[in-house]
Amino acid sequence: MQIEAGALLKNILYPSDLRKLKESDLEQVCKELRQFIIDVVSVNGGHFAASLGVVELTVALHYALNTPYDQVVFDVGHQAYGHKILTGRRDKFHTNRIFGGISGFPRRSESEYDAFGVGHSSTSISAALGMAVASAYKGETDRQHVAVIGDGAMTGGMAFEALNHAGIEKSNLLVILNDNCMSIDLMWGHSKSI
């Protein structure tokens, strides 16, 4: 079932369209993107909360960066629904996770905006660091590399190994920690006092 996009979102096929908007329009874009995800996922299923939690971040990254030249790696692919919608797959998003449809995760063969094929977890920092090192070797000093990692994925040893390596590299890497207080620790029944 095809879902109607909001007034601003329906005119955004790619991040280049998003970047034509005024900064003051971005809040409305975020509202429309969040509603679009809710409308589609409530009918077709899929990972819900992870993508809703990064709507503003996803819009900001695609607005500020020159994607796909600048590379964004989403750790745990279910954060990437908004990314998929803003990168040419809005009209196919209703096929997300359906046989023959688009992948539920970033997939390099699906879009040039998917810098790294990812499912689960803790790989974004090492992948983005590898891209940053390769860009430095090629002399692409203007190219940005961003890893978006959640607090649950930060519990993986590979993430800490990558941070250790990144600490000695002189590469252009930005690591964004999406701390939503939903890491594995909280899933096992520990909680904070509010």
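Residues numbered from 1 in each chain as written. Predicted model: local features only at pLDDT ≥ 70, side-chain atom pairs only at ≥ 80, totals over all residues. Heavy atoms only, no water.

Before going further, it helps to spend a moment on the environment of Gly167. Within the secondary structure, Gly167 sits in the loop between α7 (157-166) and β3 (174-178). Among the residues examined, Gly167 registers a relative accessible area of 64% and is labelled exposed. For Gly167 and Gly156, which are 11 residues apart along the polypeptide, the C-alpha to C-alpha distance reads 17 Å. (Helix = DSSP H or I, 4+ residues; strand = E, 2+ residues; numbered from the N terminus. Buried < 20%, exposed > 50% of the residue type's maximum accessible area, 1.4 Å probe, protein only.)

We now examine the packing of helix α4 (residues 55-64) against helix α5 (residues 81-89). Viewed as axis vectors pointing N to C, α4 and α5 meet at an angle of 40 degrees, and their least axial separation amounts to 9 Å. The way α4 lies across α5 gives a crossing that is right-handed. Residues Thr58, Val59 and His62 of α4 touch α5, and the partners they reach there are Gly82, His83, Leu86 and Thr87. Its residues placed into classes, the contact of α4 with α5 shows two nonpolar, five polar and no charged. (Axes fitted to C-alpha atoms, helices over the stretch in contact; angles between N-to-C directions. Left-handed = near helix turned anticlockwise from the far one by under 90°. Contact = heavy atoms within 4.5 Å. Nonpolar A, V, L, I, M, F, W, Y, C, P; charged D, E, K, R; others polar.)

As judged from the five bridges shared by strand β2 (residues 145-150) and β3, these two strands associate in the parallel manner. Note that in β3 the partner of Ile149 across the bridge is Leu177. Between the parallel elements β2 and β3, the chain passes through α7 in a crossover that is right-handed. (Pairing = 2+ DSSP bridges. Right-handed = clockwise from strand over helix to strand, strands pointing away.)

Within a sheet, neighbouring strands are paired by backbone hydrogen bonds and run either parallel or antiparallel to one another. Spatially, the three strands line up as an open sheet ordered β1-β2-β3, and their pairing is parallel. The open sheet has two edge strands with one neighbour each: β1 (71-74) and β3. Recorded for the sheet is a direction-independent mean angle of 20 degrees between the axes of neighbouring strands. Where helix α6 (residues 124-137) meets the sheet, it contacts β1, β2 and β3, and its direction lies at approximately 175 degrees from that of β2.

Any two side chains of opposite charge can pair if their charged atoms end up close together. Taken as a whole and assessed by the stated rule, the structure comprises nine salt bridges. The partner of Lys138 in a salt bridge is Glu140, with the nearest N and O atoms 3.6 Å apart. Of the residues examined, Lys138 reaches a relative accessible area of 57% and is grouped as exposed. Taking relative accessible area as the criterion, Glu140 reaches 18% and is therefore assigned buried. (Salt bridge = Lys/Arg side-chain N within 4 Å of Asp/Glu carboxyl O.)

A cluster of nonpolar residues, Phe160, Leu163 and Val175, forms a patch on the protein surface that exposes about 240 Å² of accessible area. Its place among the elements puts Leu163 in helix α7. (Patch = residues over 30% accessible without salt bridge, like charges linked within 9 Å, V, L, I, M, F, W, Y side chains within 5 Å. Areas by Shrake-Rupley, 256 points an atom, 1.4 Å probe, with all protein chains shown as cover.)

Right, let's talk about unusual backbone geometry for a bit. A negative phi angle is the norm for most residues apart from glycine, just as the trans form is the norm for most peptide bonds. Cis geometry is adopted by the peptide bond preceding Pro68, which originates at Thr67 and carries an omega value of 10 degrees. Looking at where Pro68 falls in the secondary structure, it is placed in the loop between α4 and β1. Positive phi, normally seen in glycine, also occurs at Arg97, with a value near 65 degrees. Topologically, Arg97 is positioned in the loop between α5 and α6. Using a relative accessible area of 42% as the deciding quantity, one classes Arg97 as partly exposed. One non-glycine residue, Ser122, adopts positive backbone phi at about 80 degrees.

The next point concerns the packing of aromatic side chains. Enumeration over the complete set of coordinates arrives at three aromatic pairs. For the pair Tyr81 and Phe93, a centre-to-centre distance of 5.3 Å together with 70 degrees between the ring planes defines the contact as edge-to-face. With Tyr81 in helix α5 and Phe93 in the loop between α5 and α6, this residue pair connects regions lying 12 residues apart in the sequence. Taken as a pair, Tyr81 and Phe93 share a single burial class, namely buried. Through successive ring pairs, a cluster of aromatic residues spans Phe36, Tyr81 and Phe93. The ring of Tyr69 has Arg143 sitting right over it, with the charged end atom 4.6 Å from the ring centre. (Phe/Tyr/Trp six-rings, centres within 6.5 Å; stacked < 30°, edge-to-face > 60°. Lys NZ or Arg CZ within 6 Å of the ring centre and 35° of its normal.)

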